[in-house]
Amino acid sequence: MPSEDSSGSAAAPADGLRATGRAGDPVSRRAAAIEAILLDVDGVLTDGTFEPGDEDAGIPERKRFHSRDGLGLVMAKKSGLRLGFVTGRRSGAVRGRAAELSLDYLREGCFDKGPAFDEACVTFGLLPEQVAFVGDDVQDLPALRKAGFAAAPADAHPAVLECVHFVADAPGGRGAVRQVIERILEARGLLDAALYRFWGQ
Ligand SMILES: [Mg+2]
């Protein structure tokens with residue numbers, strides 16, 4: 001079973017690392033090295049449900065995003081992290097969200113996420129251990145296994161929960177991404193600034 005911490009749970013990853021605290025533990029050391037975060041969309045930034053559209057007919061696919069995840073992504077950007085979406089579907093809603101958040105990397109129609117992870121690392125000029133991946137289903141496993149910090153929402157597939165370093169308490173589309181981002185910012189010593197200093201307080 002994962003060991004608990006206050007903003008999420010650290011699963012037992014393939015290399016046997018476990019979270020033991022907030023500073024200096026293996027999961028925090030992994031999180032502290034992160035310079036960029038790649039995210040799957042469906043089931044991570046959404047609850048996995050969507051209303052299909054028909055782009056040829058001008059009918060957009062409809063997805064629902066969570067505002068706290070959105071603010072978390074803004075916090076990550078303001079903190080100097082680079083962000084990207086790697087998604088199996090093609091959706092104007094995702095492209096719009098990516099543009100709104102000024103993302104640094106976007107791959108749509110991508111079911112082979114391992115090569116996309118490698119491509120993003122090259123694009124960012126970063127090593128795999130400097131890049132996090134957040135995924136919820138088995139097609140994310142190749143990227144999660146490469147990532148320096150692999151994370152999942154609470155309702156991810158069991159095979160995903162088995163291989164990641166951090167499991168959010170929240171499910172996909174309901175704040176899981178915010179928890180992952182805050183875990184990384186905390187490990188990098190940037191969380192207080194992100195929470196309290198960006199907003200004129
Ligand atoms: Mg997914």
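Keep in mind that this is a model prediction, so the values were computed, not measured.

Before going further, it helps to spend a moment on helix 2 (residues 67-78). For helix 2, with twelve residues, the first-to-last C-alpha span of 16 Å sits near the 16 Å given by 1.5 Å per residue. Buried within helix 2 are the following residues: Asp69, Gly72, Leu73, Met75 and Ala76. Take helix 2 and look down its axis: the buried residues cluster within an arc of 160°, on one side only. Contact partners of the buried residues in helix 2: strand 3 (36-39), strand 4 (82-86), helix 7 (176-187) and helix 8 (191-197).

This part covers the environment of leucine 38. Among the secondary structure elements, leucine 38 is positioned in strand 3. On the neighbour-count criterion, leucine 38 (28 C-beta atoms within 10 Å) is buried. Linking leucine 38 and phenylalanine 133, residues 95 residues apart in sequence, is a C-alpha distance of 4.8 Å. With residues near it in sequence (within four places) discarded, leucine 38 still touches Gly84, Val86, Phe117, Ala120, Val131, Ala132, Phe133 and Ala143.

Let us now look at helix 7. An ideal rise of 1.5 Å per residue puts 16 Å on twelve residues; helix 7 measures up with 17 Å between its terminal C-alpha atoms. Helix 7 sits mainly inside the fold: twelve of its twelve residues count as buried. Listed as buried for helix 7 are Ala176, Val177, Arg178, Gln179, Val180, Ile181, Glu182, Arg183, Ile184, Leu185, Glu186 and Ala187. Glycine 189 lies just past helix 7 and shows a positive phi near 75°.

When you line up the elements, alanine 152 lands in strand 7 (residues 149-152). Residue class for alanine 152 comes out buried when judged on the 32 C-beta atoms lying within 10 Å of it. Considered as a pair, alanine 152 and valine 177 are 25 residues apart in the sequence and their alpha carbons are 8.4 Å apart.

Moving on, we get to the environment of glutamate 162. By secondary structure assignment, the location of glutamate 162 is in helix 6 (residues 158-163). Given 15 C-beta atoms within 10 Å, glutamate 162 falls into the partly exposed group. Taking the C-alpha atoms as reference, glutamate 162 lies 10.0 Å from alanine 152; in sequence the two are ten residues apart.

Another point: the nonpolar core. In terms of nonpolar packing, the biggest core is built from 52 residues, with Ile37, Leu38, Ala132, Phe133, Val134, Ala151 and Ile184 touching the most fellow members. With seven residues, the top contributor of residues to this core is helix 7. Beyond its immediate sequence surroundings of up to four residues, alanine 151 is in contact with Ala132, Val134, Val164, His165, Phe166, Ala168 and Val180.

Relative orientation of the contacting elements helix 2 and helix 7 amounts to 25°, with a least axis distance of 8 Å. Relative to helix 7, helix 2 is oriented roughly parallel. Pair helix 2 / helix 7 crosses with left-handed handedness. Where helix 2 abuts helix 7, its residues Arg68, Asp69, Gly72, Leu73, Met75 and Ala76 lie against Val177, Arg178, Ile181, Glu182 and Leu185. Looking at the contact of helix 2 with helix 7 residue by residue, the class counts come to six nonpolar, one polar and four charged.

As a further point, take the pairing of strand 7. Of the two faces of strand 7, the one holding Phe149 and Ala151 and the one holding Ala150 and Ala152 are both buried throughout. Note: strand 6 (residues 131-134) against strand 7, three bridges, orientation parallel. Bridge assignment links alanine 132 to a residue of strand 7, and that residue is phenylalanine 149. Once the chain exits strand 6 it traverses helix 5 (residues 141-146) before rejoining the sheet at strand 7, and the crossover so formed is right-handed. Here strand 7 runs beside strand 8 (residues 166-168); their pairing, made up of two bridges, is parallel. Residue pairing for strand 8: alanine 151 is matched across the bridge by phenylalanine 166.

Reading the values: rules and limits
Residues numbered from 1 in each chain as written. Predicted model: local features only at pLDDT ≥ 70, side-chain atom pairs only at ≥ 80, totals over all residues. Helix = DSSP H or I, 4+ residues; strand = E, 2+ residues; numbered from the N terminus. Expected span 1.5 Å × (residues − 1). Buried ≥ 20, exposed ≤ 12 C-beta atoms within 10 Å, placed from the backbone. Arc of directions from axis to C-beta. Contact = placed C-beta atoms within 7 Å. Core = buried A, V, L, I, M, F, W, Y, C linked by C-beta atoms within 7 Å. Axes fitted to C-alpha atoms, helices over the stretch in contact; angles between N-to-C directions. Parallel < 35°, antiparallel > 145°, perpendicular 65-115°, else oblique. Left-handed = near helix turned anticlockwise from the far one by under 90°. Nonpolar A, V, L, I, M, F, W, Y, C, P; charged D, E, K, R; others polar. Pairing = 2+ DSSP bridges. Right-handed = clockwise from strand over helix to strand, strands pointing away.

Honestly, that's just the spatial picture; any functional story needs more than this.
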